[in-house]
Structures are given as C-alpha cells and as structure tokens.
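Here are the chains, one letter per residue:
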Amino acid sequence: NVRPREIIYLIFIKQEKKGFIALFTRTINDENYAVNYLKFSTDKNWTSKKALMVNRYSLASWLISNVIGSMLGSTIPLDTHIVDFALTAMFIYMFTMQLQNKLIIFVGLLSGVLSVVTMLVFQSTIGLIIATVIASLTGYFVEKKLKVAKVVDKPMLIDRKPIETEVTASNE
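Residues numbered from 1 in each chain as written. Predicted model: local features only at pLDDT ≥ 70, side-chain atom pairs only at ≥ 80, totals over all residues. Heavy atoms only, no water.

*Asks:* Hey, could you run me through the overall build of the protein chain in this one?
*Replies:* A count of helices and strands for the protein chain gives seven helices and zero strands. Counting from the amino terminus, the protein chain carries its helices and strands in the arrangement α-α-α-α-α-α-α. When burial is assessed residue by residue, the protein chain has 26% of its 172 residues classed as buried. Approximately 12800 Å² of the protein chain is accessible, and the part contributed by carbon and sulfur atoms is 68%. (Helix = DSSP H or I, 4+ residues; strand = E, 2+ residues; numbered from the N terminus. Buried < 20%, exposed > 50% of the residue type's maximum accessible area, 1.4 Å probe, protein only. Areas by Shrake-Rupley, 256 points an atom, 1.4 Å probe, with all protein chains shown as cover.)

*Asks:* I tried to follow the packing of aromatic side chains on my own but got confused; where do I start?
*Replies:* To describe a pair of aromatic rings, you give the distance between the ring centres and the angle between the ring planes. Counting across every chain of the model gives one aromatic pair. A centroid spacing of 5.1 Å and a plane angle of 70° characterise the contact between Tyr-140 and Phe-141, whose relative ring orientation is edge-to-face. Exposure remark for Tyr-140: the relative accessible area of 43% places this residue in the partly exposed category. (Phe/Tyr/Trp six-rings, centres within 6.5 Å; stacked < 30°, edge-to-face > 60°.)

*Asks:* I keep staring at the nonpolar core and nothing clicks. Help me out?
*Replies:* Grouped burial of nonpolar side chains is what soluble globular proteins tend to show. Counting residues in hydrophobic clusters, the biggest one holds eleven residues: Phe-20, Ile-21, Phe-24, Ile-28, Tyr-33, Tyr-37, Phe-40, Trp-46, Ala-51, Leu-52 and Met-94. Broken down by secondary-structure element, the contributors of at least two residues to this core are helix 2 (18-27), helix 3 (30-42) and helix 4 (48-72). Counting residues in each nonpolar core, the second largest holds five residues, with Leu-103, Val-107, Ala-131 and Ala-135 among its members. (Core = buried A, V, L, I, M, F, W, Y, C linked by side-chain atoms within 4.5 Å.)

*Asks:* It is not clear to me how a nonpolar patch on the surface should be interpreted in this structure. Could you clarify?
*Replies:* A cluster of nonpolar side chains, namely Val-113, Val-117, Val-121, Phe-122, Ile-126, Ile-129, Val-133, Leu-137, Tyr-140 and Phe-141, defines an oily patch on the protein surface of about 920 Å² accessible area. Contributing elements (two or more residues each) for the nonpolar patch: helix 6 (102-122) and helix 7 (126-148). Examining the composition of the nonpolar patch, we find that six residues originate from one element, helix 7, more than from any other. Here Ile-126 shows up in helix 7. You can call Ile-126 partly exposed: its relative accessible area is 38%. (Patch = residues over 30% accessible without salt bridge, like charges linked within 9 Å, V, L, I, M, F, W, Y side chains within 5 Å. Salt bridge = Lys/Arg side-chain N within 4 Å of Asp/Glu carboxyl O.)

*Asks:* Can you help me understand the packing of helix 6 against helix 7 in this one?
*Replies:* What describes two packed helices is the angle between their axes and the distance between those same axes. At a closest axis distance of 8 Å, the pairing of helix 6 and helix 7 adopts a crossing angle of 150°. Comparing their axes, helix 7 and helix 6 come out roughly antiparallel. The interaxial crossing formed by helix 6 with helix 7 has right-handed handedness. The residues of helix 7 that touch helix 6, namely those facing Leu-103, Phe-106, Val-107, Leu-110, Ser-111, Leu-114, Ser-115, Thr-118, Met-119 and Phe-122, are Ile-126, Gly-127, Leu-128, Ile-130, Ala-131, Ile-134, Ala-135, Thr-138, Gly-139, Val-142 and Glu-143. (Axes fitted to C-alpha atoms, helices over the stretch in contact; angles between N-to-C directions. Parallel < 35°, antiparallel > 145°, perpendicular 65-115°, else oblique. Left-handed = near helix turned anticlockwise from the far one by under 90°. Contact = heavy atoms within 4.5 Å.)

*Asks:* Before we go on, may I ask you to explain helix 6 in this structure?
*Replies:* Residues that lie three or four places apart on an α-helix share one face, since the helix turns once every 3.6 residues. The end-to-end C-alpha distance of helix 6, which contains 21 residues, comes to 29 Å, matching closely the 30 Å that a straight helix rising 1.5 Å per residue would cover. Structurally, helix 6 contributes buried residues whose contacts are with helix 5 (80-96) and helix 7. The backbone nitrogen of Leu-103 lies 3.1 Å from a side-chain oxygen of the residue at the head of helix 6, namely Asn-101. Of the residues flanking the end of helix 6, it is Gln-123, one or two places downstream, whose phi is positive at about 50°. (Expected span 1.5 Å × (residues − 1). Polar contact = N/O pair within 3.5 Å; in protein donor to acceptor, adjacent residues only side chain to side chain.)

*Asks:* What should I look at first to understand the environment of Ile-28 in this one?
*Replies:* Along the polypeptide, Ile-28 turns up in the loop between helix 2 and helix 3. On the basis of relative accessible area, Ile-28 is assigned to the buried category, the value being 5%. Sequence separation between Ile-28 and Asn-55 is 27 residues; the distance between their C-alpha atoms is 5.8 Å.

*Asks:* Which parts of the structure should I look at to understand the side chain of Asn-55?
*Replies:* Mapped onto the fold, Asn-55 is located in helix 4. Look past the residues within four positions of Asn-55 in its chain and what remains in contact with it is Phe-24, Thr-27, Ile-28, Asn-32 and Asn-36.

*Asks:* It is not clear to me how the pattern of salt bridges should be interpreted in this structure. Could you clarify?
*Replies:* Oppositely charged side chains can pair when the atoms bearing their charge come close. Per the stated rule, a full pass over the model turns up one salt bridge. Ionic pairing is found between Asp-43 and Lys-39, a salt bridge with its closest N-O pair at 3.3 Å. Among the residues examined, Asp-43 registers a relative accessible area of 21% and is labelled partly exposed. With relative accessibility at 26%, the residue Lys-39 sits in the partly exposed group.

Put into structure tokens, the structure is as follows:
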C-alpha cells in the first residue's frame, strides 16, 4: 500500500522507470527525501542510483542508531522538547532552501495559514493533509495559468542555479 506522503515524494521522480519508483518509495523517509529533492532540483548529474544509495545508507544509519538508542537510551537524560524543536527547524530549513520565486513563497505561506485554520476546524491531523492538498493544487493551477499567459517559460522547480555553498569545477 502507498502512504499519502509517498505520492508527494513521487513528484520529482515521475520520469523514472516503474521499478525504480517502486524500490525508491519503499526506502524513502522525510530526511532522505529532503536530500534527494535538493539534489534532483539542483544537480543535473544526480542519478537514481545515487538517490537509492542515499535512501539505503539513511535507513541503515537509522537502524543502527535505533539499536544503540534502545540499548543506551535510558541511561542518557534528554529533554523531548529539543526533539520537537529539531524537527520543526528541519522543515523550516527544507522550506527556505526552496525559496526561489514569489509563487513558492506564496504557496508556503498559504500552506502555513491553511494548516493552522484546518487544524483548528478539524481538530485532527487530517487538517494538515487538506491544507497541503489545497496549497499544492493552488500552486499548480497558478503556475499553469502563468505558463499559459507566457509569464513563466520553465517549471518553477527545475533549472535552479547552484547554491552558493556548492563547489563548481574551474576550467583551469
């Protein structure tokens, strides 16, 4: 069975073969999705083989960390509020790394507002799913309308310039 968030993960690998997609979606989680999304968006040399390797190493480190954590976890005092903060910080970082144009900023802010409203209305995490779908569809239709009006020539998330921290090869 396919989890709802795996459908969202498929957006950037829809051009891949079905066998790859099946294997990729079985090994993906939020963290390696963030890495692969960034690499697929910014690195033209990023391959599906490298993406699978990221997924597998991520899951292997998760497994090893959980085994060690289950053995030693009770001996180390840890405030769980730190974990909540770290997860929120990770998602804020993932969002800010995608700030490429006004449409993405608009969709991100719309998603945030809709998330708060739908969580208050539904008193359940179904509100987050509804907010995500509404914001994503809004972004899709606005981008499509801009393309028809010839305002945008390229998809909004492709052909991004390299991030300043990336090392580029010199022609020396």
